[in-house]
Amino acid sequence: MITLLDKMSLYHIFGVNDFNSIEGAIDNMAPSMVEYHLSDLCEHAEDTYLNKKDIEHTLAIGDYSLYIDYSDNIYLELDISTNNNFETTSLW
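Residues numbered from 1 in each chain as written. Predicted model: local features only at pLDDT ≥ 70, side-chain atom pairs only at ≥ 80, totals over all residues. Heavy atoms only, no water.

Colleague: Quick question: what am I supposed to make of the pattern of salt bridges here?
Modeller: Opposite charge on two side chains lets them pair, provided their charged atoms get close. All told, the structure shown has one salt bridge when counted by the stated rule. We note a salt bridge from Glu77 to Lys52, for which the minimum N-O separation is 3.3 Å. Separated by 25 residues along the polypeptide, Glu77 in strand E4 (residues 74–78) and Lys52 in the loop between helix H3 (31–43) and strand E2 (55–61) bring together distant segments of the chain. What makes Lys52 partly exposed here is its relative accessible area of 44%. (Salt bridge = Lys/Arg side-chain N within 4 Å of Asp/Glu carboxyl O. Helix = DSSP H or I, 4+ residues; strand = E, 2+ residues; numbered from the N terminus. Buried < 20%, exposed > 50% of the residue type's maximum accessible area, 1.4 Å probe, protein only.)

Colleague: Explanation requested: the sheet that holds strand E1 (residues 2–5) in the structure shown.
Modeller: Backbone hydrogen bonds are what pair the strands of a sheet, in a parallel or an antiparallel way. Strand order in this open sheet of four strands is E1-E4-E3-E2, and the pairing throughout is antiparallel. Both outer strands of the open sheet, E1 and E2, are each paired with one neighbouring strand and no more. Between one strand axis and the next, the sheet turns through 25° on average, direction left out of account. One ladder, built from four bridges, connects E1 with E4; its direction is antiparallel. Bridge pairing in E4 links Leu5 to Ile74. (Pairing = 2+ DSSP bridges. Axes fitted to C-alpha atoms, helices over the stretch in contact; angles between N-to-C directions.)

Set out below in structure tokens:
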């Protein structure tokens, strides 16, 4: 699932002025807060198409990836293929 993000909202959430500063801001935040903010951004955006050959820079954060393309559009991808099933099978 890939969504096009509003740059100003993303920058405001992480308290930065540009894409290159996001990684430093994320390093200073609790991982659960970062994941909360990214999942919130996913919920309020529509899916879109991203031609991956147009990506200028990528930032991977757990199950999420942030991309900026050459037109300065920012995309958020959630990798839904990871298995988040934490249940274990019974020994009985």
